[in-house]
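Remarks on the overall topology
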Amino acid sequence: MEIRRREFLKIAAGMTGGALLGSHGLDPMFAVPKEVIERMKFGPRVETWKNTTCRLCPGGCGMSVRLIDDVPISVKGNPLNPVNRGGLCPLGLNAVHSLYHPDRVQGPLIRKGSPGSGSWEKTSWQEAFKVISGKLNQLRQEGKSQHVAFLGSDEYGFMRDHIQRFAASYGTPNYFLYSKDSNKRAANFLSHGNRRAPAYDIVNSKLVVTFGANILEEGPSPVYYTKLYSHHNEQQTRYIHIDSRLNLTAANADRWISIRPGTYGALALGVAYVLIREELYDQDFVRAHTHGFDDWMDARGRRHVGFKSTVLSDYYPERVQEFTGVPSSVILELGRELGNSRPSVALCDQAALNHTNGTLTATAVNALNALLGNYEKEGGVYFVDEPPFASFGAAPMDGRSAQAMTQPRVGMPVEAFLPLQECSVKSFSENVLSGRPYPIDVLFLYGGNPLFQSVHHKKFAQALQKIPMVISFDSLLTETGEFAHYVLPDHHFFEAWDIVSNVENVGFTHVAIQQPVMAPMYDTRATGDVLIELARLAEGRVAASFPYGSYDEGIRRALRGVFESGSGAIASEGVGSRWLEFLKQRGWRIDRYSSFEEFWDRLTRYAGWWNPIRSKKHLRSLFQTPSGKFEFYSQTLENMIQAIPTESRDKALRRAGISAGGDTAFLPHYEPVSGESDLPLSMITYQSMSVGDGRGATLPMMQELFGHAVNRHWDSWAEIHPLTAQQYLVKDGEWILVQSSEGTLRIRSKVTEGVMPNVVAIPFGLGHTSGGRYARGHGVNPHSILEGKEDGLSGREAIQATRVRVVAEGRSEF
Amino acid sequence: MDKDEILFKPIYETGRGFYITFGILAVILLWALAMYINQVMVGLGPTGMNQPVTWGFYIVNFVFFIGISHAGTLISAILRLSKAEWRRPITRMAEVITAIVLVIGGLHPILDLGRPDRMMNLLESGRLQSPLLWDVTSITAYFTASTVYLYLPMIPDIARIRDRGGKLKWLYTFMAWGWQGTEYQQKVLNRAINILMVMVIPIAISVHTVISYIFSMTLQPGWHSTIFGPYFVVGAIFSGIAALMIVMMTFRKVYHLETYLKEIHFRYLSTLLLIMSLIWFYFTFSEYLTGVFGSEAHEMEVIKYKFSGPFAPFFWGMVLCNFVLPVTILSFRKFRTMTGIFVASVAVVIGMWLERLIIVVPSLASPRMDVPLGIYVPTILEWSLFAGGIAVFVMGFMLFSKFFPIISIWEIEEGRSHAAKEVEERIASYLPGP
Amino acid sequence: MPKWAMAIDLDKCTGCESCMIACKVENNVAIVDPEQAQAGRVMYWMDMMTAYESEDTQVVRRIVPKPCFHCDEPPCTVVCPVGATYRNPEGIVAQVYHRCIGCRYCMAACPYTAKVFNWYAPKWLEDSACRPNPDVSLRMSGVVEKCSFCSHRLQQIKEIADLEGRRIEDGEYVTACQENCPTDAIVFGDIEDKDSSVYKLSKSYRVKRYMDDLDVKPKVFYLSRRTTE
């Protein structure tokens, strides 16, 4: 029998008698200001709906907020929004709770204690502006404006552009995004010559093969994909998912192929082998639009080995089976199916990419799409046009800022690196700690939570403590925000303006409007306006960086361009993509707005604009590579290597994680997982839709939902295959220790066949030390024990590359 | 000096042991009461119940206690009806068990209610179609019948105490109802007892049948079974006899009643217990054989849950306590000593409690849909209320013995004066001849 | 008299769990404490069942949303001692929270484990007079609750339809789970109406009902190509 301490206390309370009624069941779950409560209680109960856009993940789903007496009550999916078409994920449906979260920052704060101590003191906006702009001006006068850095997340709002403008005219090149997708971008840069992520026409495809791309749970916009997936019956689309774990995408796919972590690239090349060997590839496309498929001779007359011969010699199914653990017969089946059921398309993401060889894996999957001739084809891969926003021109720069912009960026490795890299938390932290190339004096944190998510969180924490002034815009404090000296709270997205446009992988141009559905509840300010205010207070010409007086005016001005272009349509009733296509073919436009005001009025009512009609692009203009074609053999990479002085070239290649010599280095190839360890198991992490990148954990309803499928609520668990569990004497549901070289997690086991043997799968998102009362102290954060590995080419953290061992708690020996 | 003076002794003399025991029990009861008040205030949260195990100890104990209550009235009525002469020192105790345990058992569904404040809804808007309301009806009927059936044979004894004078004379005078022992009064009394004893048997059987209907009227695997009615009745009588013997042995020891409760009584009762054990086994066997043989998927899940799943220790413990132990002990003269009988009785009471647990929980804990298996761990609250229930049972007996003789004195006397002759005549009437 | 029924297309459903939260928010279903949730007292009117099965050599994870099945012959209503759960003429199995005595007999009798119980008083906003969704009453401690097919929405639509003197159209009365389902896997409507989409779906060869042999006539049915369910 089990007596829980809590119950015992209750019993004790019962024994002492008296006032125990009040102690139960009446704890407030959400704090709401008094006047809001008054309105809720005594208002006339007038129901209204307002459309806006969800900002709880980068997905950009349209939502309709139900207001009663102007108080948000609940949300539902906006059926007119082309991205989600009325669907919403669990996290989005819970948006109202994030508005009423009791631990929201209600006004500007100054930290008094040590980071994480939670001792904050209230301050006024004026006071905060005075101190911060004083510091900014001082740095600028000293010619140290580059000592100011911005760190943000890669979300698709207008803020990115806005911060960029501020940074440029203030004069700092140090605006970094803590991005999950740098692998994809780097690979696209190598294959396509640009970093843009294409969209995949999975609705019209007959077969969709997802290499670790957990599109239904983790993708940039899971609801968009879920909506597309729901048509798979009418469209007879087959889905095959390749992953180490039976996640939601695998569960819904027609077939799940389990694979060793970090070997997805090898499998893709094994599939390429089948396509080439059986001549199932699109020979016309490969001949006309690719470079480096066959063996070739360069301008200087040197012979180069082509993709074809490399693949045929190195990636025959038996060898790939050895790498991946996927039976050779399955590789043959997969290749044949992919080649024969055209149009077929291959995607890769998350599990496949977040490894030390992620960029190369992505180039291998790009190569598959090239072999299938998928580019700009129905059921294939295509690029979406940018929305026609009005341009504000380059941010004006004075001498100081122009000079500062030429300085090296702090987020980059100091030496011997390929320009393929974007900012990495590791380089940033190392450079801040070493003070090279120059120290950072002020850091602005907007969005993202590297301290919670990053592999290099320890170094990053040290770096944060070294920076004399850290400013966070968190509306709900995050782990990273706890290190800030000042918190200048942003609005909740129900109270603020923004736009979300062209969410990655969404198959059409679109702009979603995020607009206030209620007046701000607390003394918060839109970060965009805070930057405008800081620019105004700054000396020199910084104030001129913003040609608009406020953030929402900027948005309005940007959207004027959309109005003036006359293209596309407001996402309103009765205008479907077929209808638009039909009109377009006959030379009509939907231009029903006599004035911008009318357009604006409708736009804000429906909160979305889209243009499903793509400008037809010729295949020749699609690729910006040196050859102007899809490059199997990446001349971009070759040129980058050539640009590095000969003596440090080997070092650079080693840093980039390329061990293959000769021409293979520039072809998609499989790099064996680096840094082998004596620990027997691989640890993989994944995100669920409810908690996402950890933000969902701040909401009690999401915490409760988190492990519902495995019957664990408000808690993490580690999935282990029955065979592995047997081997390490782990029973289902017991406490186990998962130990890596970086630390140990104490966690409940879940023995399930839904994961590859010799793999431990732990969901990411819980284990917060900040983020409000509901986030703190539940579950564990698997990223806290990750080894500090990264993809050498792109600098993306290798969150799937950690080796661990497990043991049941209480058994001392591992 | 009365021949049966020893039977009056407990009413007039109270030792220290009594107060100490009573005090301990009162503390347990108060603790249980406090726990219950807490439960009323905060809801059923402090229990170990959950979804899908929505019923736990309260319902288990309800069925168990009501089962025990069968000891009494039913056994006494059957023995009276069959004119078993050895019944005379037993009937009173058996009837008291019924009255006390019925109160405890009958209260258990109220402990189980999430909203005890709305109990009156049962009367205001009760639906007679619900088996739970059948229970309410039959338990009330049984309680009324069995208390009257307890009270009537007590009247001559109460009159005796009244006549002896001493404490609480007003109470005994009132309760004796003017009993003078006239022939007419005796005739009326016997008549009333006879009517009641015939009436009480069907009521008693209905009570436990109806309790089984709570389960068997649902569509749940492991519950939905026609055998449940008789199975529960048999189980009830089975546990009732065991409980009766425990009570008898306790009083025999504490109040030195060896001359009244002789070994022969226990031997007879233990034979009855042995028979009931075999019948119980027969029912259990049939019940599970039907399930296993049909091997309907959901039914099998419940059976597996009991046979080899989390409830295996309880299930096999039950088989041990209800069948293996009593049958081995009671079949062999060597083991059939007083200690042996006591051990067997205790085993049967525990075993029958386990049986109730095994009936209630596994069917709920292994739901038919793909939802996680339920786990039920009773909390301190539920254990406390169980302990409280047992405390009330013991205290009830202790109090009863302090006010009334626990063996029917007049019936013993009647046995002494008339019975021998009557039996002789009766036997003669069985034999061939005029 | 219409009879409301729900079809859930398992070939479309991905198991994203949106329906669970849409329902929970719409119907003011309480959030329980972490330890309570772990003890099996988590409350969902719309639940999600997950099972791992082996199909050929493959491991298959099967995900099925599970609301109350609103049986036409509900085993739960017949056992209720006080009439706190009943089947209304439109086929909705309803709960009367203020009459329920909390005996949980209906939960024990439900073959689909569709009901949940308020073990503690549910927690909501600071002030108990505040209603997260003013259309749905808040429950108190010690009563049973379950999916109501969002019948509060039916009340509103009925009023409008009555005022306009017409029948409720197909697709006018939608449940919260249906409304927010990203895959449109949930179809809801009047199964007596031969033109309704739910009626048409009910004639599909893919129709599967849980525990058809019990003949409780559940009005929630599933559509699935898979042969075993």
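Residues numbered from 1 in each chain as written. Chains lettered and ligands numbered in written order. Predicted model: local features only at pLDDT ≥ 70, side-chain atom pairs only at ≥ 80, totals over all residues. Heavy atoms only, no water.

Concerning the packing of aromatic side chains
Applied cut-off: By convention, a stacked pair of Phe, Tyr or Trp rings (six-membered ring in the case of Trp) has centres within 6.5 Å and planes under 30 degrees apart, an edge-to-face pair has planes over 60 apart, and any other such pair is tilted. Going along the chain from the N terminus, every DSSP run of H or I of four or more residues is numbered as a helix, and every run of E of two or more is numbered as a strand. With a 1.4 Å probe rolled over the protein chains alone, any residue whose accessible area is under 20% of its type maximum counts as buried; one over 50% counts as exposed, and the rest are partly exposed. Charge-over-ring contacts are defined here by two conditions on Lys NZ or Arg CZ: a distance within 6 Å of the ring centre and an angle within 35 degrees of the ring normal.
Taken as a whole, this structure holds 87 aromatic pairs over all chains when the rule is applied. Consider the rings of F57 of chain B and W383 of chain B, whose centres lie 4.7 Å apart with planes at 75°: the pair is edge-to-face. Linking F57 of chain B in helix α3 (residues 57–81) with W383 of chain B in helix α15 (residues 380–403), this pair joins segments that are 326 residues apart in sequence. A relative accessible area of 35% means that W383 of chain B is categorised as partly exposed. With a centroid separation of 6.0 Å and an interplanar angle of 40°, the aromatic rings of F215 of chain B and F232 of chain B are classed as tilted. Note that F215 of chain B is positioned in helix α9 (residues 183–216) and F232 of chain B in helix α10 (residues 228–254), a separation of 17 residues in sequence. Connected via pairs of aromatic rings, a cluster forms that spans F150, F158, F166, Y170, Y175, F392, F444, Y446, F473, F546, Y548 and Y551 of chain A. The ring of Y170 of chain A is capped by R140 of chain A, whose NZ or CZ atom sits 5.8 Å from the centre of that ring. Here the basic side chain of R139 of chain C rests over the ring of Y97 of chain C, its NZ or CZ set 5.3 Å away from the ring centre.

What to know about the nonpolar core
The following threshold applies: Nine residue types can take part in a nonpolar core, namely buried Ala, Val, Leu, Ile, Met, Phe, Trp, Tyr and Cys, and a core is a set of them joined through side-chain atoms within 4.5 Å. Each domain's extent was defined by an automatic or database domain assignment.
Within the largest apolar cluster, 255 residues are counted, with the highest numbers of intra-cluster contacts made by F494 of chain A together with W55, F215 and L244 of chain B. Top element by residues in this core is α10 of chain B. It accounts for 16 residues. Structurally, this core is a two-domain feature, drawing no fewer than three residues from each of domain 3 (199–382) and domain 4 (681–808) of chain A. Within the second largest apolar cluster, 99 residues are counted, among which are V83, I331, L360 and W610 of chain A.

What to know about the packing of α3 of chain B against α9 of chain B
The relative placement of two packed helices comes down to the angle between their axes together with the axis-to-axis distance. Residues and elements named next belong to chain B. Heads up, the rule is: To get an axis, fit a line to the C-alpha atoms, keeping to the stretch in contact for a helix; angles then go from 0 to 180 degrees between the N-to-C directions. Working definition: roughly parallel below 35 degrees, roughly antiparallel above 145 degrees, roughly perpendicular at 65 to 115 degrees, and oblique for all remaining angles. The hand of a helix crossing depends on one turn: near helix anticlockwise from the far one by less than a right angle means left-handed, and clockwise means right-handed. By the convention used here, residues are in contact when the closest approach between their heavy atoms is within 4.5 Å.
Where α3 meets α9, the closest approach of the two axes is 9 Å, and the angle between their N-to-C directions is 155°. The orientation of α3 with respect to α9, classified from their angle, is roughly antiparallel. Between α3 and α9 the crossing geometry is left-handed. Listed contacts from α9 to I59, F62, V63, I66, G67, H70, T73, L74, A77, I78, R80 and L81 of α3 are I193, M197, V198, V200, I201, A204, I205, V207, H208, I211, I214 and F215.

A closer look at the pattern of salt bridges
Pairing between side chains becomes possible if they bear opposite charge and their charged atoms approach one another. Residues and elements named next belong to chain B. Quick reminder of the rule: Here a salt bridge means any side-chain nitrogen of Lys or Arg lying within 4 Å of a carboxyl oxygen belonging to Asp or Glu.
Under the counting rule described, the total for this entry stands at 64 salt bridges over all chains. Between E411 and R87 there is a salt bridge, with its nearest N and O atoms 3.8 Å apart. Of this pair, E411 sits in helix α16 (residues 409–430) while R87 sits in the loop between α3 and α4 (91–112), placing them 324 residues apart in sequence. Each of the two residues, E411 as well as R87, counts as buried.

Describing the sheet that holds strand β23 (residues 608–611) of chain A
All names here are of chain A. Heads up, the condition is: By definition, two strands form a pair when at least two bridges between them are found by DSSP.
Strand order in the open sheet made by the four strands is β20-β21-β23-β22, with antiparallel pairing throughout. At either margin of the open sheet sits one strand with a lone partner, and together these are β20 (498–501) and β22 (569–570). Relative to strand β21 (residues 509–514), β20 runs antiparallel, the two sharing four bridges. Pairing of D498 across the sheet is with Q514, part of β21.

A closer look at the interface of chain B and chain C
Our working rule: For any pair of parts, buried area is found by adding up, for both, the accessible area (1.4 Å probe) each one loses once the two are put together. In the analysis that follows, any N or O atom pair within 3.5 Å is treated as a polar contact, provided that within protein one partner can donate a hydrogen and the other can accept it, and provided that, for residues neighboring in sequence, both atoms belong to side chains.
Counting residues at the interface gives 43 residues for chain B and 49 residues for chain C. Sorting the residues of chain B by area buried against chain C places Q51, R118 and M369 of chain B first, and these three jointly supply 21% of that buried surface. The interface formed by chain B and chain C includes one salt bridge. Summed over the shared surface of chain B and chain C, the result is 28 residue pairs in polar contact (both at pLDDT 80 or more).

Notes on the environment of V36 of chain A
Residue and element names in this part refer to chain A. In this structure, V36 sits in helix α2 (residues 34–42). Owing to a relative accessible area of 4%, V36 belongs among the buried residues under this scheme. Note: C-alpha distance between V36 and D70 (34 residues apart in sequence) is 9.1 Å. In this structure V36 touches V71 and M521, once residues within four positions along its chain are discounted.

Remarks on the pairing of strand β6 (residues 148–153) of chain A
All names here are of chain A. Judged by how many residues are buried, β6 sits mostly within the fold: six of six residues are covered. The alternating pattern of β6 places V148, F150 and G152 and A149, L151 and S153 on opposite faces, both of which are buried. Pairing between β6 and strand β17 (residues 442–446): five bridges, direction parallel. Among the inter-strand pairings, G152 is bridged to a residue of β17, identified as Y446.

Examining the sheet that holds strand β9 (residues 207–211) of chain A
Residue and element names in this part refer to chain A. With respect to topology, four strands assemble into an open sheet ordered β11-β10-β9-β15, the strand pairing being parallel. Where the open sheet ends on each side, the last strands, each with one partner, are β11 (255–258) and β15 (344–348). When the angles between neighbouring strand axes are averaged without regard to direction, this sheet yields 15°. Inspection of the sheet shows β9 paired to β15 by five bridges, in the parallel sense. Bridge assignment links V208 to a residue of β15, and that residue is V345. In the packing of helix α17 (residues 358–371) onto the sheet, the strands contacted are β9 and β15, and the crossing angle to β15 comes to about 170°.

Side note on the interface of chain C and chain A
Using the following cut-off: All amino acids are sorted into three groups, where Ala, Val, Leu, Ile, Met, Phe, Trp, Tyr, Cys and Pro are nonpolar, Asp, Glu, Lys and Arg are charged, and the leftover types, Gly among them, are polar.
Contacts between the two partners involve 58 residues from chain C, matched on the other side by 63 residues from chain A. Between chain C and chain A, roughly 5200 Å² of surface is buried when both sides are summed, and carbon and sulfur atoms account for 55% of that area. Linking chain C with chain A are four salt bridges, by the criterion used here. Where K76 of chain A meets E179 of chain C, a salt bridge forms, and the shortest distance between an N and an O atom there is 3.1 Å. Counting every contact that joins chain C to chain A gives 18 residue pairs in polar contact (both at pLDDT 80 or more). Going through the elements one at a time, α1 (18–26), α2 (34–41), β2 (47–55), β3 (58–66) and α6 (176–180) of chain C are the ones with two or more residues in the side of chain C that touches chain A. No other element matches α1 of chain C, which puts six residues into the side of chain C that touches chain A. For the side of chain C that touches chain A, the residue count by class is 30 nonpolar, ten polar and 18 charged.

Honestly, it's all geometry; don't read function into it.
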